[in-house]
Amino acid sequence: MYFKIKRLPSLLFFIIASCILFNACGIVKLSPHVNKAIEVKKISDPSKTITVPDGMVWYDENPPAAGIRFPPGIYILEVESSDYLFFHSPEPLEFRIFKNGKPVDGKKIKGGIMFAKRNNSDAAPYAGYVNGETETERIMVWKLGKDFLLREGKEWKKSF
């Protein structure tokens with residue numbers, strides 16, 4: 001009994017510290033930035049498309065430190081992996097870096113939008129990607145999250 005009572009303060013400290021940590025995690029916004037290489041294989045199905053009528057812009061935080069713009073047009077299914085379908089943008093994606101809310105740098109890189117084939121809690125269901133160094137590589141660069149799905153019908157639509 002003495003052993004259990006002696007360890008009680010340490011146990012209480014651990015429980016309180018854990019609660020504080022988990023509560024803090026709930027208010028921290030996760031970054032959409034990612035850099036994950038994915039092996040792909042060629043697929044061609046022009047009937048599967050994503051249409052972005054006016055372009056879409058995503059920022060990482062408020063005020064933004066970075067942003068990505070998906071240009072308007074029809075994104076055509078071009079490759080797939082075991083987990084994702086990759087829809088290539090008709091124009092390069094635009095990446096911007098901000099300082100004090102103003103753009104200070106940017107680049108355009110070929111890429112598009114990727115969709116998870118199935119709901120997997122470990123994977124991003126939707127993301128922006130850029131082409132890799134080879135024809136069989138794509139790089140996931142920006143997780144889009146649930147907000148992307150909420151914009152369906154307003155800022156984008158799919159044909160499948």
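Placed above this text is the structure.
Attention in this report is confined to the structure presented alongside it. (Residues numbered from 1 in each chain as written. Predicted model: local features only at pLDDT ≥ 70, side-chain atom pairs only at ≥ 80, totals over all residues. Heavy atoms only, no water.)

1. Considerations on unusual backbone geometry
And step 1. With omega at 0°, the peptide bond leading from asparagine 62 into proline 63 counts as cis.
And step 2. Its identity as a non-glycine residue notwithstanding, asparagine 100 has a phi of 55°, on the positive side.

2. Things to note about the pattern of salt bridges
And step 1. For the coordinates displayed, the defined rule picks out six salt bridges.
And step 2. Two residues, arginine 151 and glutamate 155, come together in a salt bridge whose shortest N-O distance is 3.3 Å.
And step 3. For arginine 151, a relative accessible area of 21% gives the class partly exposed.
And step 4. Counted as one network, the salt bridges with shared partners bring together Arg69, Glu94 and Arg96. (Salt bridge = Lys/Arg side-chain N within 4 Å of Asp/Glu carboxyl O. Buried < 20%, exposed > 50% of the residue type's maximum accessible area, 1.4 Å probe, protein only.)

3. Section: the sheet that holds strand S9 (residues 102-109)
And step 1. Across the sheet, four strands lie side by side as S4-S5-S8-S9; this open sheet has antiparallel pairing. Single-partner strands in this sheet number two, and they are strand S4 (56-59) and S9. With direction set aside, neighbouring strand axes in the sheet form an average angle of 20°.
And step 2. Here strand S8 (residues 93-99) pairs with S9 via seven bridges, running antiparallel. By the bridge assignment, arginine 96 is partnered in S9 with glycine 106. (Pairing = 2+ DSSP bridges. Helix = DSSP H or I, 4+ residues; strand = E, 2+ residues; numbered from the N terminus. Axes fitted to C-alpha atoms, helices over the stretch in contact; angles between N-to-C directions.)

4. Remarks on the nonpolar core
And step 1. Counting 23 residues, the largest nonpolar core has Phe70, Ile113 and Phe148 as the members making the most contacts within it.
And step 2. If we ignore the near neighbours within four places in the chain, the residues touching phenylalanine 148 are Met56, Trp58, Ile113, Phe115, Tyr126 and Trp156.
And step 3. The next biggest cluster of nonpolar side chains, apart from the first, holds 10 residues, and it includes Val40, Phe86, Ala124 and Met140. (Core = buried A, V, L, I, M, F, W, Y, C linked by side-chain atoms within 4.5 Å. Contact = heavy atoms within 4.5 Å.)

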